[in-house]
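Working through the structure, step by step
Chain by chain, the residues run as shown.
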Amino acid sequence: MAKAKLFGAIVMSAQSIDLTIVNLRNLETVERVSAPVALGDRLFTEGGIDYDVVDEAVSALRGFQQLMTDDGVTDERVVASHTITDAENISYVRDQIYTKTGLTVHFMTVSEELMLRYQAAAAYLPNFRKLIDEGTVLIQIGASSITLMVFQAGELTLTRELQLGPMQVAQKMAQLEHQVDTYEDVLADYLHSKLLDVWRLLPEKQFKQVILMGSKLTLLENLIPENKRALALSHADFNHRFDQVMTLSDQELEDQEQLPEMEVNEVAPTFLLLNELFDTMQIETVWVSNIKLLDGFVVHHAAETGQLKLNWDFNETMISAAKNLAKRYQVDQAHQKKVLTFAVQLFDRLRKIHGLGPRERLLLQLAAILQDTGLYLDANQHAFHSEYIIRASEVLGLDLTEQFAVAAIARYHSSRAPSAGLSHLSRLPLEARLTIAKLAAILRLADALDDSHRAKISKISVSIRKQTFTVTATANDDIELEKWTFSQKGTFFREVFGLQPILKRKGTL
């Protein structure tokens, strides 16, 4: 029997560096170890990673390398959480790690981490689909931040990140802790004030259940039976655990609950935060899981490399999430639907000419969905505002380069944006600039086909000759505005593809 190919996944986060060695074919864990390296110790107060801690990280990574060698790992990957990625000196840290270990650290965005958690929940929670169909909120508690993913009728309708991670809150409030007698009351007030933004954005529908996951749930995770990934607690069960934990001294937390000393001061921020969330949302059931970002990383890699098949269309999940983001900015949904349809049809018909693949097709779809978000801020130069909104939003599943690309495509969908040289993209590699130019040129034509926002064109057909790209539109109304706009926006298309775009109409008036 052939020996299983093993994968080594390493995640660097604010308080630890974690390794798991798995067989990707069945997700069986061979090794799982954690090194308590506090990369975030001065991150939230001074903005950087201490170089003494970098040496600790290098030492831990070398130890992990030896473990992977001993176990016969054939593939490995190291990622840094978005918290670490935000450190001022992260580029220097990354270079030192590469120089001393040969490991390349890949940076993650919030959007990527959201997708990894989504994939992990889909893979490891048997009832996940039922839970999101009924409506639930997935809450991730990390060292520096918390994220909320709101599901309604099986769709992800809202994501929100807040800088309320227990480690960050504890560091910010450290001085106050020793100045007031009612520290926990002050802390509760602080958390309440920071959560007001969440209550404003949450749908009116009350959610009766939540899923908890993350690195800061040790005192709830230890209730989960061995060999299980999750446990359902009633709100009353949580309140009982809350009362237990909040009355323990620091020493009792270490001795009785086996909590590491460095995490003791994070207990109050964690439990007071959860208490506020559960009480305000009137939660009835809490699904506590021991699923980590590391698990999502493994599932994602296994699915990406074709070694694991999940009965889940994550591209559709990304598209659905983007549509819900667009709704928040009151995008014209009828126009959005037309532009999205036309953009995909044009992309597919041009496949042999543009040479792009499925991932670029997805980026075009996301740009088509989000291109008009900027109208929410101002109709003038709205494409520029769309670019800003997309770059500042959590667009599920995109890495930093992809999010930048989607924002740029949206910016250049407008004929008002200077396009010939894509001047503000000059720092990107030529290949990336060309991809953005091709997708933006296609999106311009798709947008022009519904310039009146009246859905006059019911369908299109396309023909390509040596020097022309002819779109024949079926419409039982005049499309003179669409023709005029198509001609204007077609100039860039000709520059990019060397084809003259022509719009013709067929149908009765």
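For clarity, every value in this text was computed on a predicted model and none was experimentally measured. (Residues numbered from 1 in each chain as written. Predicted model: local features only at pLDDT ≥ 70, side-chain atom pairs only at ≥ 80, totals over all residues. Heavy atoms only, no water.)

1. A word on a positive patch on the surface
Together, Arg349, Lys352, Arg465 and Lys504 line one region of the surface with positive charge. With respect to the element layout, Lys504 can be found in strand S14 (residues 500-506). Judged by its relative accessible area of 47%, Lys504 is partly exposed. (Patch = residues over 30% accessible without salt bridge, like charges linked within 9 Å, V, L, I, M, F, W, Y side chains within 5 Å. Areas by Shrake-Rupley, 256 points an atom, 1.4 Å probe, with all protein chains shown as cover. Salt bridge = Lys/Arg side-chain N within 4 Å of Asp/Glu carboxyl O. Lys, Arg positive; Asp, Glu negative; His and termini not counted. Charge placed at Lys NZ, Arg CZ, Asp CG, Glu CD. Helix = DSSP H or I, 4+ residues; strand = E, 2+ residues; numbered from the N terminus. Buried < 20%, exposed > 50% of the residue type's maximum accessible area, 1.4 Å probe, protein only.)

2. Some words on the sheet that holds strand S11 (residues 285-289)
Ordered by their spatial adjacency, six strands build an open sheet running S8-S7-S6-S9-S11-S10, and the pairing between neighbours is mixed. Here the strands that pair on one side only, and so sit at the sheet edges, are strand S8 (155-162) and strand S10 (230-234). Between one strand axis and the next, the sheet turns through 20° on average, direction left out of account. (Pairing = 2+ DSSP bridges. Axes fitted to C-alpha atoms, helices over the stretch in contact; angles between N-to-C directions.)

3. Let's talk about the packing of aromatic side chains
Across all of its chains, the model carries 14 aromatic pairs by this definition. The interplanar angle of 85° and the centroid separation of 5.8 Å between the aromatic rings of Phe128 and Phe151 together place this pair among those described as edge-to-face. Here Phe128 is found in helix H6 (residues 128-134), whereas its partner Phe151 is found in strand S7 (residues 146-152), with 23 residues between them in sequence. Here a set of aromatic residues connected by ring pairs shows up, and it is made of Tyr118, Phe128, Phe151, Trp312 and Phe314. Across the ring face of Phe107, the terminal group of Arg94 is positioned such that the distance to the ring centre comes to 4.7 Å. (Phe/Tyr/Trp six-rings, centres within 6.5 Å; stacked < 30°, edge-to-face > 60°. Lys NZ or Arg CZ within 6 Å of the ring centre and 35° of its normal.)

4. Comments concerning the nonpolar core
In terms of nonpolar packing, the biggest core is built from 100 residues, with Phe128, Leu346, Phe469 and Val471 touching the most fellow members. It is helix H21 (residues 430-448) that provides the largest number of residues to this core, a total of ten residues. Excluding anything up to four places from it in sequence, Phe128 contacts Tyr118, Ala121, Ala122, Leu138, Phe151, Ile211 and Trp312. If you look at the next biggest cluster of nonpolar residues, it comprises 46 residues, including Leu158, Leu164, Leu217 and Phe278. (Core = buried A, V, L, I, M, F, W, Y, C linked by side-chain atoms within 4.5 Å. Contact = heavy atoms within 4.5 Å.)

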